[in-house]
Amino acid sequence: MCVIAAIADPIVFTDARFLIGQGAELAILAVCVALPWDRLPYGIFLVIPLVDFAPLSLLHYASGSSLNGLSLLGVFPTMWLAGSGIKPRTMVPLGGLAALLMVWAPLILAGTATPSRLAAELLVPFLLLAIGVGTSVMTLSGMAQQARVEELLARTETRERLLNTVLDTVDVGVLVLDDHGQNTYLNAKERELYLAALPPGVQTTLESELLIYRDGSEELLPAEQRPLAKVLSGETIAHEVYRLGRGSDARTVSISGRQFADVQGDTAGTVLASTDVTEVVAAVHARDKFLAAMSHEFRTPLTNILGYAELLQDDPSLSPAAKSDLQIMMRNARHLNHMVDDILAASLTGDEAAGIRLPLDLAELVQQTSVSFSPEASNNGITLDLSTETALPILGDRTGLVRVLNNLVSNALKYSQPGTTVRLVAREEGPWAVCEIADEGLGIDPEDLKRLFTRFQRSDAAVRAGIPGTGLGLALAKEVAEQHGGELECTSEVGVGSVFTLRLPLRRAKQHMTLS
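Note that the structure is a prediction, hence the values are computed from the model and not measured.

A. A look at the pattern of salt bridges. One pass over the structure, following the stated rule, counts 19 salt bridges. Where R427 meets E436, a salt bridge forms, and the shortest distance between an N and an O atom there is 3.1 Å. Of the charged contacts in the structure, one is a salt bridge between E487 and R503, with a shortest N-O distance of 3.5 Å. Of the two residues, E487 sits in strand β12 (residues 487-493) while R503 sits in strand β13 (residues 497-505), which places them 16 residues apart along the sequence. Judged by its relative accessible area of 15%, R503 is buried. Each of D171, K189, E192, R251, D276 and E279 takes part in one network of salt bridges that share partners.

B. Representation of the packing of aromatic side chains within the structure. According to the stated counting rule, one finds two aromatic pairs in the structure shown. On the basis of an interplanar angle of 80 degrees and a centroid distance of 5.4 Å, the ring pair of F13 and F18 is categorised as edge-to-face. Classification of F18 as buried rests on a relative accessible area of 0%. Considering the side-chain rings of Y42 and F45, the 5.4 Å spacing of their centres and the 75 degrees angle between planes classify their relative orientation as edge-to-face. Relative accessible area serves as the criterion here: at 70%, Y42 is assigned to the exposed category.

C. A nonpolar patch on the surface, seen in detail. On the surface, V31, L35, L40, I44, V47 and V51 cluster together into a nonpolar patch covering about 430 Å² of accessible area. In this fold, I44 is placed in the loop between α2 (16-34) and α3 (47-63).

D. Main features of the environment of V366. Checked against the element boundaries, V366 lands in helix α13 (residues 362-379). The spacing of V366 and I437 is 71 residues in sequence and 9.9 Å in space, taken between C-alpha atoms. With near-sequence residues (within four places) excluded, V366 lies in contact with L386, T388, L405, L424, A426 and C435.

E. How the structure looks around the side chain of S57. Tracing the backbone shows S57 in helix α3. We classify S57 as buried; its relative accessible area is 8%. There is a polar contact of 2.6 Å between the side chain of S57 and the backbone oxygen of M102. Ignoring anything within four residues of it in the chain, the contact list for S57 reads L101, M102 and P106.

F. Layout of the sheet that holds strand β8 (residues 383-388). Pairing is mixed across the open sheet formed by five strands, whose spatial order is β8-β10-β11-β13-β12. Both outer strands of the open sheet, β8 and β12, are each paired with one neighbouring strand and no more. Recorded for the sheet is a direction-independent mean angle of 15 degrees between the axes of neighbouring strands. By the bridge criterion, seven bridges tie strand β11 (residues 432-438) to β13 in an arrangement that is antiparallel. When the sheet's bridge partners are listed, C435 is paired in β13 with L502. Here helix α17 (residues 473-483) sits on the sheet and contacts β12 and β13; the angle it forms with β12, its principal contact strand, is near 140 degrees.

G. Representation of the environment of D52 within the structure. Relative to the helices and strands, D52 is located in helix α3. For D52, a relative accessible area of 15% corresponds to the buried category. Here the alpha-carbon distance between D52 and I28, two residues 24 residues apart in the chain, equals 7.8 Å. In this view, D52 contacts E25, I28 and P77; residues no more than four positions away in its chain are not counted.

Scoring rules and cut-offs
- Residues numbered from 1 in each chain as written.
- Predicted model: local features only at pLDDT ≥ 70, side-chain atom pairs only at ≥ 80, totals over all residues.
- Heavy atoms only, no water.
- Salt bridge = Lys/Arg side-chain N within 4 Å of Asp/Glu carboxyl O.
- Helix = DSSP H or I, 4+ residues; strand = E, 2+ residues; numbered from the N terminus.
- Buried < 20%, exposed > 50% of the residue type's maximum accessible area, 1.4 Å probe, protein only.
- Phe/Tyr/Trp six-rings, centres within 6.5 Å; stacked < 30°, edge-to-face > 60°.
- Patch = residues over 30% accessible without salt bridge, like charges linked within 9 Å, V, L, I, M, F, W, Y side chains within 5 Å.
- Areas by Shrake-Rupley, 256 points an atom, 1.4 Å probe, with all protein chains shown as cover.
- Contact = heavy atoms within 4.5 Å.
- Polar contact = N/O pair within 3.5 Å; in protein donor to acceptor, adjacent residues only side chain to side chain.
- Pairing = 2+ DSSP bridges.
- Axes fitted to C-alpha atoms, helices over the stretch in contact; angles between N-to-C directions.

So, in structure tokens, the structure goes:
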């Protein structure tokens, strides 16, 4: 202001009011620097803008018309008062009153306050009051928004802490990477699994150097086949099983992972979830070994019982009553043998269950199954109705498919009453060879239907009726169908009957040439 005054009107420096006003401003500045504001009550600083109006008033009237707009410097103390956020209903009018006194007080003290001169000075106070109102509104709005943002930040931080606590508590490893593939989060379980995969004597390394194997293999996975590399390339994986590390400390894990996108749809990062299934896999292997061992242990004495029973049946010295008892014994021994076969089939996994795929005719297999079960159906008073079309060529494991058909027809007869009909239909349906087995039996409750193909599960109706079974047959039948690239479905209505539909891919001529 002094520089501008020296250029515009140097005479102003001879005016005592100008010098006193400048000195007062410097004194206020010195007081501001000297006072220990952190020790004073909050809000006491608002005295400064109020005091500031006094030297501004002196400067305004000392400069006269030589420094136009000098009174507009009152905008700074006005904005300070209105923008403090402290009692805005008081501070805004107080700032307006101080601005009015800034221009009126010298006139009143000098005795020159006429109505016309007082009215001429109203524009600046009115303008400063309007600025004060606007500043107060924006300040209050900003404070409200700041309070909302702080509340949201506090909630976000609380939720983040909760999420971190949950992720560190659950027994699932979680790894999060950003869009550049850099690690942004690793929970305690994932860190434990990472340490299990480190080579001996190494503290930290890249995933490409970790000891990661396919379950059941001793060859390290190539870098591009590792779970993290697959997900980073854009692939989604679900429940893929790997082995981390070697020896007794190795862990078997089930890993799922996928990329996620931001609100614009761009890739924002990657998430991997790892579940430690070491004990589960060990239990499954132990169960399978136990089932296989027990099945073999049962099969040997059962084979002996059936063999000697057949020899005894040909003995002419047996009485009719003894022969009847012998037939009961043979029938129950065969039932036990079927149960052992089911348990043995359930215990086989991997290559043992794969079978050999050979050219077969599903229609022929259905016909042979019908012939095999015709005597049993006739003895039970059940009509076995067969309907087949032309040949239905497929590729499959004959033993496995025969077991499936036998199981489905046996169940249909087992759950049917005398006087009803069991229908076997073999037909072509688009790319599928289809076999339907429909009965008029008990039917299956909708709740039981949901878990029909689960191992060791039997319907409540079958249990109440005392119908024997292991609950393995349908589960194994579905597994065999899926191993052949097909499917097994069931529709049923209680009291009306059930329809089992087996679909297998047809073997076309071109396909047959390629596979053979």
